[in-house]
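Fold and contact review
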Amino acid sequence: MIVIGDIHGKTDQYLKLLVRHRDEPSVQLGDFGIGFPGDEPLPALPDNAWFLRGNHDNPEAARAHRNYLGDYGCRAIDGIRIFYLSGAWSSDQWCRTEGVNWWRDEELGIADLEAAVDLYTKVKPEIVLTHDGPEEAIQALLAGRSTHKEFARTATGGALNAMLEAHRPWKWIFGHWHSRFRRKIGGTEFRCLPELGWCRIPGDFEKPSGSSLGKESWAR
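Given the structure is predicted, the values throughout are model-derived calculations rather than measurements.

Broken down by element type, the protein chain carries five helices and ten strands. When the 220 residues of the protein chain are sorted by exposure, 56% land in the buried category. Restricting to contacts in the protein chain with at least 6 residues of sequence separation, those with at least 24 account for 65%. Put simply, the protein chain shows about 10,200 Å² of open surface, and 48% of that area lies on carbon and sulfur atoms.

Structure follows, in structure tokens:
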């Protein structure tokens, strides 16, 4: 399975990437740019291509697309069990227009975030795919770097922190920060993918001893 970073409307390049990896299932991590007024609707995608929703995606349009993986949940894809969560907070929302390029429900509501944390705590996943990353990883990513984004505490970030405190997975992959970052912290390997960057699971990572990437499905 391949995991793909933010797209930001560069759909043609994303589709070419899917063609190159047509035999592998894929999950794109959000900020597709789906649902912006005036843009072409996201075309039908291969049956083995899914995407999450970022803060730069229209939530209603994303949920209506058949390849949307979902707001949160657990799923087995190609024998790899993942936990996923969509949404994030926009640091630049002050210069955006609601309903045009910013949506008030860009983050999941408190009730859904709490339910997501409960589910995560119950299933204790080995692999986590999210649009944003937990505070621990973001602080490490920003340390010593100049970036146009500043760290801020958000509802999504608080939920991701709660998940990490409850259980440390083997691998956590996220986008949102437009950076190439990879570091192992406290037993979890965090990886941030840049725009149109991608990695492969489990091929790019060493499988932890004693782990099981079985084919069972999880019910949300």
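Moving on, we get to the environment of Glu107. As for its placement among the helices and strands, Glu107 is situated in the loop between strand 5 (80–85) and helix 3 (110–123). By relative accessible area, which is 17% here, Glu107 ends up buried. Through-space distance from the C-alpha of Glu107 to that of Arg53 is 9.5 Å; in sequence the pair is 54 residues apart. Setting aside residues no more than four positions away along its own chain, Glu107 makes contact with Ala88, Trp89, Thr154, Ala155 and Thr156. From its side chain, Glu107 meets the backbone nitrogen of Ala155 in a polar contact 3.4 Å long.

Our focus in this paragraph is the pattern of salt bridges. Any two side chains of opposite charge can pair if their charged atoms end up close together. Taken as a whole and assessed by the stated rule, the structure comprises 13 salt bridges. The shortest N-O distance in the salt bridge between Asp71 and Arg63 comes to 3.1 Å. For Asp71, a relative accessible area of 12% gives the class buried. For Glu136, the salt bridge is made with Arg168, and the minimal N-O distance between the two is 2.6 Å.

Tallied over the entire structure, the rule returns seven aromatic pairs. Measuring from ring centre to ring centre gives 5.2 Å for Phe83 and Tyr120, while their planes differ by 85 degrees; the resulting arrangement is edge-to-face. One end of the pair, Phe83, is in strand 5; the other, Tyr120, is in helix 3, and 37 residues separate them in sequence. Phe83 sits in the buried class, given a relative accessible area of 0%. Given a relative accessible area of 0%, Tyr120 falls into the buried group. Judged by centre distance (6.4 Å) and plane angle (40 degrees), the rings of Tyr120 and Trp172 are tilted. Pair noted here: Tyr120 is in helix 3 and Trp172 is in strand 7 (residues 171–174), with a separation of 52 residues, a long-range link. With respect to burial, Tyr120 and Trp172 carry one shared label: buried. One aromatic cluster is present, built from ring pairs that chain together Tyr14, Phe32, Phe51 and Tyr68.

Consider a sheet: its strands pair through backbone hydrogen bonds, and that pairing is either parallel or antiparallel. Here six strands make up an open sheet; going across it, the order is 4-5-6-7-9-8 and the pairing mixed. Strands with a single pairing partner mark the edges of an open sheet, and in this sheet they are strand 4 (72–77) and strand 8 (181–185). Shown here is a sheet whose adjacent strand axes are inclined to one another by a mean of 20 degrees, direction ignored. When strand 5 meets strand 6 (residues 127–130), the two strands line up parallel, connected through four bridges. By the bridge assignment, Leu85 is partnered in strand 6 with Thr130. Packed onto the sheet, helix 3 meets strand 4, strand 5, strand 6 and strand 7 and runs at close to 40 degrees relative to strand 4. Relative to strand 5, helix 5 (residues 155–166) is tilted by about 145 degrees, and along the sheet it contacts strand 5, strand 6, strand 7 and strand 9 (188–192).

Calculation rules
- The residue count restarts for each chain, going from 1 along the sequence in the order it is written.
- Only residues with pLDDT of 70 or above have their local features reported here, since the model is predicted, and side-chain atom pairs are shown and tallied only from 80 upward, although totals for entire chains, interfaces and linings are computed over all residues.
- For side-chain calculations, the full set of non-hydrogen atoms in the structure is used, while hydrogens and water are omitted.
- Here a strand is any run of E in DSSP of at least two residues, a helix any run of H or I of at least four, and the numbering for each starts at the N terminus.
- Burial status follows relative accessibility: with a 1.4 Å probe on protein chains alone, a residue under 20% of its type maximum counts as buried, one over 50% as exposed, and anything between as partly exposed.
- Residue contacts are counted whenever heavy atoms from the two residues lie within 4.5 Å of one another.
- Accessible surface is estimated by sampling points in the Shrake-Rupley manner with a 1.4 Å probe; for residues, cover comes only from the protein chains shown.
- We call two N or O atoms a polar contact when they sit within 3.5 Å, provided that within protein one can donate a hydrogen and the other can accept it, with sequence-adjacent residues counted only if both atoms are side-chain atoms.
- For salt bridges, the criterion is a side-chain nitrogen of Lys or Arg within 4 Å of an Asp or Glu carboxyl oxygen.
- In this scheme Phe, Tyr and Trp rings, the latter by its six-membered ring, pair at centre separations within 6.5 Å, and the angle between planes marks the pair as stacked below 30 degrees, edge-to-face above 60, and tilted otherwise.
- Strand pairing is defined by DSSP finding a minimum of two bridges between the two strands.
- Helix axes use the C-alpha atoms of the stretch in contact, all axes being lines fitted to C-alpha atoms, and the angles between their N-to-C directions lie in the range 0 to 180 degrees.

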